[in-house]
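Now for the letters of each chain:
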Amino acid sequence: MDLFNNLLMGLSTALELNNLLFCLIGVVIGTAIGVLPGIGPIPTVALLLPFTFGLSPASAMIMLAGIFYGAQYGGSTTAILVNVPGETSSVVTCIDGHEMAKQGKAGTALAIAAIASFFAGTMATIVIAVLSVPLSVLALKFTAVEYFSLLVLGLIAAVVLAHGSVAKSLAMVLLGLLLGLVGIDVSSGVARMTFGIAALSDGLDFVPIAMGLFGLGEIIANLERPAERRVVSQSIRSLIPSREDLRAAFPAMVRGTTLGSVLGVLPGGGAALPPFSSYALEKKLARDPSRFGKGAIEGVAGPEAANNAGAQTSFIPLLTLGIPANALMALMIGALMMQGIQPGPQIMTEQPKLVWGVIASMWVGNLMLLVINLPLIGLWVSMLKIPYRLLFPAIVLFCCIGTYGIANSLFNVWLMTGCALLGYFFIKIGVEPAPLLLGLVLGPQLEENFRRAMLIADGDFTVFLSRPISAVILGVVAILLVALLSPAILKTRKEALAE
Amino acid sequence: MTRFRIDLQDLLFGLFLVAVATGTLVATRNLTVGHAADMGPGYMPRVVAFALMGFGLFFTGRGLWRVRVGIAPVQLRPLLAIVASVGVFALTAERLGLAIASVVTVILASLATREGRIVETIAFAILLSGAAVLLFVKLLGLPIPIWPR
């Protein structure tokens, strides 16, 4: 059986001693980042990218993936204990989780969150493994024409499902595409928009852009609204949930996992949408919905499972087709490119060890999270006591050194400064910067495949519609765009994404 | 009087896009555009710039027309402190070395909030600088001088 062999191969990669170590480093750093409110996983991954250059591609991806799902997990600790979401995806956990903590059941809430996350992580790993094979077979039929259509679908779908105004997100994607065009044109060797700056001839590095837009811009905006943090002062007594608690939580976990796995695969879904949907579902299914908001255990178990499952299945488009579903996956693609791996539909056949190693490591990493985190809960709680006034200058410094370190270039530090201003501007005018990052990373591939497709078809634009796979993909794009214009769907989308 | 109110968020975004699109069209004016079957280096930048221009004009128009959406007032202190600290890092890192640049960067960044205490900030800055040197230069071999050359 192919699937079994693949998973075994993946496990053998994931269980290599150095990969285990990087997985551990990843989940620990991820949890720490998730616990600390004020810095999200995107700037963290960007910040740590330079560290991964010396590693093998598999180790690098394993560590970066660990940071991502570790951060998802860590966010729930903060949500439960402080009522501040460490990550956007933990917003829902605040509602009932913190209520449970106030009732003296902080330990139970934390344990349920951990168990739900682990359960969902395990299931999502299986989903990824099962889905990967047929998708990679399909991907082998792809030429430049299909890949271009797929890239368009990825970008459009990410916009449709992400937060904020669709028109603004589309404009941001275009802005990202434009930034992606800076540099020497591969076909003709002509410098484009480099303004005579030598550092620009290789194109804009996306790490300084991500750090400036997401990290520094956010820090500046955060400092404008000083939030106070109060840790629930009671000690965490019992971490072992009672049998009734488990019985109440388990069905919610299963539903949350299913919902999260489905929503996670959709581009743009990532980790934000699943917990909200799961919470709504649990409330609808509950015999007594009024318990929600007052410490209902299902309100923690469902969203936590959905959150973790979604975080993991959002890797599917990346690992099988080479297309990022959200800004964080775009960073992962960037990490692969810096390792000299060209992401694309061939990624599974060309890099099976890498892909299956990352998939298997997710399960290993989830196990680590379960084992390390519950006993170490005291450590994470004490991390919450680091005041922001010390935290943010440290982040600023590490951003500076990290950006410099990518290419030993001060130009990148200046670029980051500019992007910090830009990021602040975007926050002020209420525009999400994530689509820009997607456009930036996918821009060069989009152009390359478009040009190649046009070259094959001799400039005939109908080629995108006359090839069946491409036509289907573009059909989905059209449906998405039409759906966007329908007021009913616009309204539902607004409600679904409302925080 | 509603006609004279403006949506500042949309308007600023629109104007920003128009500026970027104009800049792109100017910057790429000498590049060959080519045609679809054989695209020159200027083809894609033009296409994207025109699309951006369209979006920019749309948002500018909508911003002028729609009911006002305010913008939270800009606080200069965090903005200037963070930007200045990163800028100072860029200016000093290679000349004065990582140790000094780190201390200055951290202290400047700390000024972004009023909560900082001088002694604590300086001690923390020196501590961080040491950690950064150990981690990045000693451990990771980043080719950056530690002290002024």
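Criteria and thresholds
Residues numbered from 1 in each chain as written. Chains lettered and ligands numbered in written order. Predicted model: local features only at pLDDT ≥ 70, side-chain atom pairs only at ≥ 80, totals over all residues. Heavy atoms only, no water. Helix = DSSP H or I, 4+ residues; strand = E, 2+ residues; numbered from the N terminus. Rg over C-alpha atoms; globule rule 2.2 N^0.38 Å. Buried < 20%, exposed > 50% of the residue type's maximum accessible area, 1.4 Å probe, protein only. Patch = residues over 30% accessible without salt bridge, like charges linked within 9 Å, V, L, I, M, F, W, Y side chains within 5 Å. Areas by Shrake-Rupley, 256 points an atom, 1.4 Å probe, with all protein chains shown as cover. Salt bridge = Lys/Arg side-chain N within 4 Å of Asp/Glu carboxyl O. Phe/Tyr/Trp six-rings, centres within 6.5 Å; stacked < 30°, edge-to-face > 60°. Axes fitted to C-alpha atoms, helices over the stretch in contact; angles between N-to-C directions. Parallel < 35°, antiparallel > 145°, perpendicular 65-115°, else oblique. Contact = heavy atoms within 4.5 Å. Nonpolar A, V, L, I, M, F, W, Y, C, P; charged D, E, K, R; others polar. Buried area = accessible area lost by both parts, 1.4 Å probe. Polar contact = N/O pair within 3.5 Å; in protein donor to acceptor, adjacent residues only side chain to side chain. Expected span 1.5 Å × (residues − 1). Core = buried A, V, L, I, M, F, W, Y, C linked by side-chain atoms within 4.5 Å. pLDDT = per-residue confidence, 0-100. Left-handed = near helix turned anticlockwise from the far one by under 90°.

Engineer: Describe the overall build of chain B, naming the residues involved and giving the relevant values.
Structural biologist: If you tally the helices and strands in chain B, you get five helices and two strands. From first element to last, N terminus to C terminus, chain B shows the α and β order α-β-β-α-α-α-α. Taking 15 Å as the expected radius of gyration for a compact globule of 149 residues, we find that chain B reaches 24 Å, considerably beyond that expectation. Reported as C-alpha extents along the three principal axes, the dimensions of chain B are approximately 55 × 55 × 20 Å. For chain B, with 149 residues in total, the buried portion stands at 46%.

Engineer: I'd like a rundown of a nonpolar patch on the surface, residues and numbers included.
Structural biologist: On the surface, a cluster of nonpolar side chains totalling about 380 Å² of accessible area is made up of A:F4, A:L8, A:L11 and A:L15. Structurally, the position occupied by A:L8 is in helix α1 (residues 2-14).

Engineer: An account of the packing of aromatic side chains is needed here, citing residue identities and associated values.
Structural biologist: Each aromatic ring pair is summarised here by two numbers: the centre-to-centre distance and the angle between the ring planes. Per the stated rule, a full pass over the model turns up 17 aromatic pairs over all chains. When the ring of A:F450 is compared with that of A:F464, the centres are 6.1 Å apart and the planes differ by 20°; the resulting orientation is stacked. With a gap of 14 residues between them, A:F450 in helix α20 (residues 434-456) and A:F464 in helix α21 (residues 463-466) connect regions that are remote in the sequence. Here A:F450 matches A:F464 in class, with each residue buried. One aromatic cluster is present, formed by A:F425, A:F426, B:F13, B:F16, B:F55, B:F58 and B:F59 through successive ring pairs.

Engineer: Which residues make up the packing of helix α5 (residues 91-102) of chain A against helix α11 (residues 273-285) of chain A, and what values do they have?
Structural biologist: Residues and elements named next belong to chain A. As a packed pair, α5 and α11 sit with axes 8 Å apart at the nearest point and diverge in direction by 40°. Relative to α11, the element α5 is oriented oblique. Taken together, the residues of α11 that come into contact with α5 (itself represented by V91, V92, I95 and D96) are P275, F276 and Y279. Looking at the contact of α5 with α11, its residues break down into six nonpolar, no polar and one charged.

Engineer: Go over the interface of chain B and chain A, please, and point to the residues and values.
Structural biologist: Counting residues at the interface gives 64 residues for chain B, matched by 57 residues for chain A. On the chain B side of the interface with chain A, the three residues burying the most area are B:F13, B:M44 and B:V86, jointly 11% of the side's total. Applying the counting criterion to the chain B and chain A interface returns two salt bridges. We note a salt bridge from B:D10 to A:K168, for which the minimum N-O separation is 2.9 Å. Here chain B and chain A share eight residue pairs in polar contact (both at pLDDT 80 or more) between them. For the side of chain B that touches chain A, the secondary-structure elements that each account for two or more residues are α1 (8-27), α2 (43-65), α3 (76-96), α4 (98-110) and α5 (118-139) of chain B.

Engineer: Residue-level account of the environment of A:G405, with values.
Structural biologist: Take A:G405: it is sitting in helix α18 (residues 388-407). When the C-alpha positions of A:G405 and A:G75 are compared, they lie 28 Å apart, and in sequence the two are 330 residues distant.

Engineer: Kindly report on α11(A), identifying the contributing residues and their values.
Structural biologist: The terminal C-alpha atoms of α11(A), which comprises 13 residues, lie 19 Å apart, in line with the 18 Å expected from a rise of 1.5 Å per residue. All of the buried residues in α11(A) are A:L273, A:P274, A:P275, A:F276, A:S278, A:Y279 and A:E282.

Engineer: Explain the nonpolar core to me, using residue names and the numbers behind them.
Structural biologist: Within the largest apolar cluster, 203 residues are counted, with the highest numbers of intra-cluster contacts made by A:F426, B:F13 and B:F89. Those residues in contact with B:F89, other than ones at most four positions away along the chain, are A:L397, A:C400, A:I401, A:Y404, A:V413, B:L98, B:A101 and B:T105. Counting six residues, the second-largest nonpolar core is a separate cluster that includes A:V92, A:F276, A:A286 and A:A296.

Engineer: Describe the confidence of the model for chain A, and please don't skip the residues or the numbers.
Structural biologist: In low-pLDDT segments, the atomic positions of the prediction should not be examined closely. With 91% of its residues at a pLDDT of at least 70, chain A reaches an overall mean of 83. Confidence, read as mean pLDDT per element, is least for helix α23 (residues 487-497) of chain A in chain A (58) and greatest for helix α19 (residues 410-428) of chain A (92).

Engineer: Describe in detail the side chain of A:N366, supporting the description with residues and values.
Structural biologist: Residue and element names in this part refer to chain A. By secondary structure assignment, the location of N366 is in helix α16 (residues 352-373). The class for N366 is buried, based on a relative accessible area of 2%. Polar contacts involving the side chain of N366 include one to the side chain of Q312, which spans 2.8 Å. A polar side-chain atom of N366 sits 2.8 Å from the main-chain carbonyl oxygen of M362.

Engineer: Kindly report on α19(A), identifying the contributing residues and their values.
Structural biologist: The end-to-end C-alpha distance of α19(A) is 27 Å, a good match for the 27 Å that 19 residues give at a rise of 1.5 Å each. Residues of α19(A) that are buried include every one of A:L410, A:N412, A:V413, A:L415, A:M416, A:T417, A:C419, A:A420, A:G423, A:Y424, A:F426 and A:K428, and no others. In this structure, the buried side of α19(A) is in contact with α8 (166-181), α9 (206-224), α18 and α20 of chain A together with α1 and α3 of chain B. The N-terminus of α19(A) is capped by A:S409, whose side-chain oxygen sits 3.3 Å from the backbone nitrogen of A:F411. A positive phi of about 70° marks A:G430, the residue just after α19(A).

Engineer: Report on the environment of A:S132, specifying residues and quantitative values.
Structural biologist: Along the chain, A:S132 falls in helix α6 (residues 106-139). The residues touching A:S132, leaving out its near neighbours within four places in the chain, are A:T320, A:M348, A:W356 and A:I359.

Engineer: Requested: an account of the packing of α5(A) against helix α12 (residues 298-313) of chain A, with residues and values cited.
Structural biologist: All names here are of chain A. Look at α5 against α12: their axes get within 8 Å of each other, and the N-to-C directions meet at 145°. Relative to α12, α5 is oriented so that their crossing is left-handed. In this structure, α5 uses V92, T93, D96, G97 and M100 to contact α12, whose residues at the interface are G299, V300, P303 and E304. Counted by class, the contact of α5 with α12 contains four nonpolar, three polar and two charged residues.

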